[in-house]
Each structure stands twice: as structure tokens, then as C-alpha cells.
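Understanding the architecture of this molecule
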Amino acid sequence: MQLFYDGDTDWPVEVYDIVEIVAADYRFPATIKKVFPKRGEVLVSFEGVDPVLDLIVLRKSARVPMAAVELIGRGA
């Protein structure tokens, strides 16, 4: 099983993708570290994405549902 962005089979979710976590009116940049396809979740890391965010966010990673994730770019 594989997860896709917005149900589009051209864009499978991959480790190290650069994404935005959408929560209400807020958007947080993050990097995908691990994919949980059976649960429809991903583990994202906020560390090293934005220097200001590194100072504000206490947790450096979180598990979030795929419905809250938007692809920004492919990682290395």
C-alpha cells in the first residue's frame, strides 16, 4: 500500500519530501521522515526547516494524518 498527495497517483508520498502541515489557518513547513501507509499517517520533522520555527516549536517531530499534509517539493 502507498500513500499519495490529494489522491493523485502521480505523486506518491516519499521520505524527505518537503511539505506543509495545514492546521486551520496556519501552515507549518516540515520534512517527512517516515510513512505509515496502513494508518494513513506520516512522521514529520520540523527541525532544520526554518531557523525561526526551530526556536518556537518545542516538539521537533509529530505524526500527522495525510489529510493535513500538502506537498511543497521533493527532497534529496
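Residues numbered from 1 in each chain as written. Predicted model: local features only at pLDDT ≥ 70, side-chain atom pairs only at ≥ 80, totals over all residues. Heavy atoms only, no water.

1. A word on the overall build of the protein chain
Just so we agree on the cut-off: Runs of H or I in DSSP of at least four residues are treated as helices and runs of E of at least two as strands, each being numbered from the N terminus. Our radius of gyration looks at C-alpha atoms and nothing else; its globule reference is 2.2 Å times the residue count to the power 0.38. Each residue is placed in one exposure class: buried if its accessible area under a 1.4 Å probe, protein chains only, is under 20% of its type's maximum, exposed if it is over 50%, and partly exposed if it falls in between. Only the protein chains shown count as cover for residues, and the accessible areas themselves come from Shrake-Rupley with a 1.4 Å probe. His is not counted, nor are the chain ends; Lys and Arg add positive charge and Asp and Glu add negative charge. Positions of charges follow a simple convention, taking NZ of Lys, CZ of Arg, CG of Asp or CD of Glu.
For the protein chain, the count of helices and strands is one helix and five strands. From first element to last, N terminus to C terminus, the protein chain shows the α and β order β-β-β-α-β-β. Here the C-alpha radius of gyration of the protein chain, 12 Å, is about what a compact globule of 76 residues would show, namely 11 Å. The principal-axis extent of the C-alpha atoms belonging to the protein chain is close to 35 × 30 × 20 Å. Counting across all 76 residues of the protein chain, residues that qualify as buried make up 30%. Roughly 5,200 Å² of accessible area belongs to the protein chain as shown, and the carbon and sulfur atoms make up 56% of that amount. Charged side chains in the protein chain number 9 positive and 12 negative. The centres of these two groups are separated by 11 Å.

2. Here's the deal with the nonpolar core
Keep this limit in mind: The set of buried Ala, Val, Leu, Ile, Met, Phe, Trp, Tyr and Cys residues whose side-chain atoms join them within 4.5 Å is what this entry labels a nonpolar core. Any two residues whose heavy atoms approach within 4.5 Å are treated as being in contact.
Residues V19, I21, V42, V44, F46 and V69 are the most contacted members of the largest nonpolar core, which totals 16 residues. The contact partners of V69, leaving out residues within four places of it in the chain, are Y5, V19, E20, I21, V42 and V64.

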